[in-house]
Amino acid sequence: VPINEPALGNALHGFARWMTWSVEETEPSSAVLSLLLYPRAGYPFALHNEIEYAVHPGGVNVAVTARNVGRTSLPYANGFHPYISAGSARIDSCLLSISAETWLRSDERQIPIGRERIEGSGYDFRARRRIGSLQLDTAFTDLVRDQDGKARVELVAGEGERSVAVWMDPAYGYVMAYTGDKLDPTRRRSALAVEPMTAAPNALRSGEGLRVLEPGETFRSTWGIEIRK
């Protein structure tokens, strides 16, 4: 597949990011987009994708539906890359909580090479703590879910006056946190990327979290952003 992160030799962010999606439905507070991914080098499968974005006073809900429209089984995973801000100019002063028990250790190319327990590491955000100067470009798994079945990553400004969270349904077993240290200086550390993922980075090779969809099979996943204060 095309190498679009040449400095690290990686194929980054999947197949659908730069493709043209069709707007299928629009309402005052929602829209449905679709994309038919045709077979291509590196991914010789036919996959129909549909995403519904629904905005409400407390945030946004995102529903993803994928259907195998080909004749053979196919490997599948999806991930998203939202940036969230609690209103602070920089995230350094914000409190962060990540409901996860494990983080994925990676090599110099950001390819996962092992799993480590959160406890006793610098990546333990199970209880809210200040981000400070810590640089994150880190995947987490073994997510701990609330009573509604959702896992959450929460960013809190100041002493708790403003809060925003990304929630994920059980389809999302992994989440990436990125403090944006490699972004343009005008954007660097101004927001936190919280990336819901149904599989681990490099899943097409490692198989970790990867799903197999049979011909005609559909898979649905939901995530969203909520303003909590």
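Our structure is the block above this text.
My aim in this report is to walk through the structure given alongside it, one point at a time. All figures in this text were calculated on a predicted structure; none of them were measured in a lab. (Residues numbered from 1 in each chain as written. Predicted model: local features only at pLDDT ≥ 70, side-chain atom pairs only at ≥ 80, totals over all residues. Heavy atoms only, no water.)

One open sheet holds the nine strands; their spatial order is E1-E2-E3-E4-E17-E13-E12-E7-E10, and the pairing between them is antiparallel. With one partner strand each, in any of the chains shown, strand E1 (22–27) and strand E10 (129–130) form the two edges of the open sheet. (Pairing = 2+ DSSP bridges. Helix = DSSP H or I, 4+ residues; strand = E, 2+ residues; numbered from the N terminus.)

Now for the pattern of salt bridges. Charged atoms that come close allow side chains of opposite charge to pair. For the structure shown, the criterion picks out 14 salt bridges. Here Glu-101 ties to Arg-126 by a salt bridge, and the two come within 3.3 Å at their closest N and O atoms. Separated by 25 residues along the polypeptide, Glu-101 in strand E8 (residues 100–106) and Arg-126 in the loop between strand E9 (112–117) and E10 bring together distant segments of the chain. By relative accessible area, Arg-126 is classed as partly exposed at 38%. The residue Asp-124 makes a salt bridge to Arg-126 at a minimum N-O spacing of 2.8 Å. Salt bridges sharing partners connect three or more residues here, namely Glu-101, Arg-115, Arg-117, Asp-124, Arg-126, Asp-142 and Glu-208. (Salt bridge = Lys/Arg side-chain N within 4 Å of Asp/Glu carboxyl O. Buried < 20%, exposed > 50% of the residue type's maximum accessible area, 1.4 Å probe, protein only.)

Turning to the environment of Arg-129, a few remarks are in order. Topologically, Arg-129 is positioned in strand E10. Relative accessible area serves as the criterion here: at 29%, Arg-129 is assigned to the partly exposed category. With 29 residues separating them in the primary sequence, Arg-129 and Ala-100 have C-alpha atoms 14 Å apart. Within the structure, the side chain of Arg-129 is placed 2.4 Å from the backbone oxygen of Gly-122, a separation counted as a polar contact. Among the polar contacts listed, one links the side chain of Arg-129 to the backbone oxygen of Asp-124, at a separation of 2.8 Å. (Polar contact = N/O pair within 3.5 Å; in protein donor to acceptor, adjacent residues only side chain to side chain.)

Taken in spatial order, the six strands line up as E6-E15-E14-E11-E8-E9 in an open sheet, and their pairing is antiparallel. Each having just a single partner strand, strand E6 (83–84) and E9 make up the two edges of the open sheet. Of the pairings in the sheet, the one linking E6 to strand E15 (residues 192–197) comprises two bridges and is antiparallel in character. Bridged to Ile-84 within E15 is Leu-192.

Time to look at the nonpolar core. Leu-96, Ile-98 and Leu-155 are the most contacted members of the largest nonpolar core, which totals 43 residues. In contact with Leu-96, not counting residues within four places along its chain, are Phe-125, Ala-127, Arg-128, Arg-129, Ile-131, Leu-136, Val-153, Glu-154, Leu-155 and Leu-192. Counting residues in hydrophobic clusters, the runner-up holds six residues, among them Ala-139, Met-176, Met-197 and Ala-200. (Core = buried A, V, L, I, M, F, W, Y, C linked by side-chain atoms within 4.5 Å. Contact = heavy atoms within 4.5 Å.)

What follows concerns the packing of aromatic side chains. A full pass over the atoms with the stated rule returns five aromatic pairs. Plain terms: the ring middles of Tyr-43 and Phe-45 are 4.9 Å apart, the flat faces sit at 75° to each other, and that makes the pair edge-to-face. Three or more aromatic residues joined by ring pairs make a cluster, and in this case those are Phe-15, Tyr-43 and Phe-45. Above the ring of Phe-125, the side-chain terminus of Arg-129 is found at 3.9 Å from the ring centroid. We note Lys-150 situated over the ring of Trp-167; from NZ or CZ to the ring centre the distance is 3.9 Å. (Phe/Tyr/Trp six-rings, centres within 6.5 Å; stacked < 30°, edge-to-face > 60°. Lys NZ or Arg CZ within 6 Å of the ring centre and 35° of its normal.)

Take a negative patch on the surface next. Taken together, the side chains of Glu-24, Glu-25, Glu-27, Glu-50 and Glu-52 present a region of like negative charge at the surface. Counting only elements with at least two residues in the negative patch, the list comes to E1 and strand E3 (47–56). Top contributing element to the negative patch by residue count: E1, with three residues. Mapped onto the secondary structure, Glu-50 falls in strand E3. By relative accessible area, which is 33% here, Glu-50 ends up partly exposed. (Patch = residues over 30% accessible without salt bridge, like charges linked within 9 Å, V, L, I, M, F, W, Y side chains within 5 Å. Areas by Shrake-Rupley, 256 points an atom, 1.4 Å probe, with all protein chains shown as cover. Lys, Arg positive; Asp, Glu negative; His and termini not counted. Charge placed at Lys NZ, Arg CZ, Asp CG, Glu CD.)

By themselves, these observations are geometric and do not establish any function.
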